[in-house]
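Descriptive analysis of the structure
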Amino acid sequence: MTRGPEGAAALPSAGGTGASGPGGSGGRREAAGYVHGYTAHEARRLDDQAQTLAGLLHAGTAYPDGSRVLEIGCGVGAQTRHLVAAGPGARYVCVDRSPESLETARRRLAPSGADLTWQCADARQLPYEEGEFDHAFVCFLLEHLPDPERALAEARRVLRPGGTLTVIEGDHGSAFHHPPSRYAQRAIDCLVRLQAVDGGDGLIGRALRPLLARAGFADIEVAPRTVYVDAGRPHLFDSFTRQTFTAMIEGVGDRAVAAGLMSRADWERAVADLLRTAGPDGTFHYTFFKAVARRP
Ligand SMILES: C[S@@+](CC[C@H](N)C(=O)[O-])C[C@H]1O[C@@H](n2cnc3c(N)ncnc32)[C@H](O)[C@@H]1O
């Protein structure tokens, strides 16, 4: 599987944000933290991201009435909202390891009237019987896990034979833009590196198919879903380039500077250069990967 740049694991996890990973994973490396943290700013960014990308990422996903759906790593419910909109009659069980995020999600989704159960659980050790679910949905979770194979094995275990798993992940290596900026590129590399320090993989999108195959899934289909922003789609300047991507980079700035990866001045230049791509002469490209697979 593709990992972060060489030497990443030796970096200090300075200023680590958010909760530590649950122990006893038995994975390759234990998570030192969660790179994006659990701030109100990040909760808003997840909402903005889900809203902006809903059409792109959720197209083709609609769970039938009465089906049992497990959302793993639901966070503040930013994607749950869209699952429920497309499949209002399904029965959802949504898990996350953060009780605070779950409480926010529960409060926000209560008015939907959907059949939703919220549970604090580790994706790598799900508290469910084998074959309990018809479908499982995972979005932007595997990239944060030191052992994504283990979470996928758990997802497979709790699915009934023939049940489907949908996985959506990004790949920060797919980010490129105009005007080019070596500062912005270094900042993107810093995010990948810090994520690797936490045991994650910011380049996981390209590895979804082999991961799913190794976890024993069948009928795997992976589709790249690309966001391309230019002056012909100016609404994406704000919602994607600024509020989703640049906000994500900005969120690790203090940590990158504290770890000595970039100077404060270079970091500020990187952010300014990214913001400049959201202008009349700028363009921005990023590819997400959506996989659908079946438990044999
Ligand atoms: C980037 S957020 C994505 C949230 C949501 N899927 C979305 O797209 O808005 C990643 C989420 O995974 C959760 N998470 C990380 N490691 C986990 C684990 N081992 N088990 C369960 N949840 C985990 C975090 O608490 C966080 O809420």
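Further up the page is the structure itself.
Here the residue index of a chain counts from 1 through its sequence in written order. Reporting in this predicted model follows two pLDDT cut-offs: at least 70 for local features of residues, and 80 or more for side-chain atom pairs to be given and counted; totals over whole chains, interfaces and linings ignore these cut-offs and use all residues.

Secondary structure elements follow DSSP: runs of H or I of four or more residues count as helices, runs of E of two or more count as strands, with numbering from the N terminus. Tracing the backbone through its elements, the reader meets A231 in the loop between strand 7 (218–229) and helix 7 (235–250). Buried residues are those with 20 or more other C-beta atoms within 10 Å of their own C-beta, exposed residues have 12 or fewer, and partly exposed residues lie in between; C-beta atoms are placed from the backbone. According to the C-beta neighbour criterion, A231 is exposed, with 12 such atoms within 10 Å. Sequence separation of A231 and P280 is 49 residues, and the distance between their C-alpha atoms is 5.4 Å.

In this section: the nonpolar core. By size, the foremost hydrophobic cluster in this structure holds 84 residues, and its most contacted members are I72, A136, V138 and A155. In terms of residue count, helix 5 (residues 182–197) provides more of this core than any other element does, nine residues in total. Excluding anything up to four places from it in sequence, I72 contacts V95, A123, A136, V138, L141, A151 and A155. Think of a nonpolar core as buried Ala, Val, Leu, Ile, Met, Phe, Trp, Tyr and Cys residues, each tied to the set through C-beta atoms within 7 Å. Once C-beta atoms have been placed from the backbone, residue pairs whose C-beta atoms lie within 7 Å are recorded as contacts.

Whether a residue is near a molecule or strand depends on its C-beta atom, placed from the backbone, lying within 6 Å of it. Among the 21 residues in the neighbourhood of the ligand, the closest are listed as G73, G75, A78, R97 and A123. Residues that form the shell around the ligand fall into these classes: ten nonpolar, seven polar and four charged. Under the convention adopted here, Pro, Cys and the residues Ala, Val, Leu, Ile, Met, Phe, Trp and Tyr are nonpolar, Asp, Glu, Lys and Arg are charged, and Gly plus all remaining residues are polar.

Okay, the environment of V93 next. Following the sequence through the fold, V93 ends up in strand 2 (residues 91–96). A tally of 22 C-beta atoms within 10 Å means that V93 is categorised as buried. On a C-alpha basis, the gap between V93 and C74 in space is 9.6 Å, while along the polypeptide they are 19 residues apart. If we ignore the near neighbours within four places in the chain, the residues touching V93 are L70, T117 and Q119.

Assignment of secondary structure puts Q51 in helix 1 (residues 40–58). In this structure the C-alpha to C-alpha distance between Q51 and Q79, which are 28 residues apart in sequence, comes to 8.4 Å.

It is the contact of helix 5 with helix 9 (residues 264–276), at a shortest axis distance of 7 Å, that shows an interaxial angle of 105°. Judged by the angle between their axes, helix 5 and helix 9 are roughly perpendicular. Counted together, Y183, A184, R186 and A187 of helix 5 and D266, W267, R269, A270, D273 and L274 of helix 9 form the full contact between these two elements. Taken together, the residues of the contact of helix 5 with helix 9 break down into six nonpolar, no polar and four charged. Comment: axis = line fitted to C-alpha atoms, over the contacting stretch for helices; angle = value between 0 and 180 degrees taken between N-to-C directions. Roughly parallel covers angles under 35 degrees, roughly antiparallel covers those over 145, roughly perpendicular covers 65 to 115, and oblique covers all other angles.

We now examine the pairing of strand 4 (residues 133–139). Of all the seven residues making up strand 4, six are buried; the element is thus mostly covered by neighbouring parts of the structure. The criterion for strand pairing is that DSSP finds at least two bridges linking the strands in question. Of the pairings in the sheet, the one linking strand 1 (residues 68–72) to strand 4 comprises four bridges and is parallel in character. Opposite E71, over in strand 4, you have F137 as the bridge partner. Pairing of strand 4 with strand 5 (residues 159–169) involves six bridges; the strand directions are parallel. Along strand 5, the bridge assignment pairs C139 with I168. With helix 4 (residues 148–158) bridging strand 4 and its parallel neighbour strand 5, the resulting β-α-β unit is right-handed. Handedness of a crossover is defined as follows: orient the strands so they point away from the viewer, and if the path from the first strand over the helix to the second runs clockwise, the crossover is right-handed.

Helix 7 packs onto helix 1 with a crossing angle of 140° between their chain directions and a minimal axis gap of 10 Å. Of the possible angle classes, the one that applies to helix 1 and helix 7 is oblique. Helix 1 and helix 7 meet at a crossing whose hand is left-handed. Counting all contacts with helix 1, which are made through R45, D48, Q49 and T52, the residues of helix 7 involved are S239, F240, Q243, T244, A247 and M248. Should the near helix be turned anticlockwise from the far one by less than a right angle, the crossing is termed left-handed; should it be turned clockwise, right-handed.

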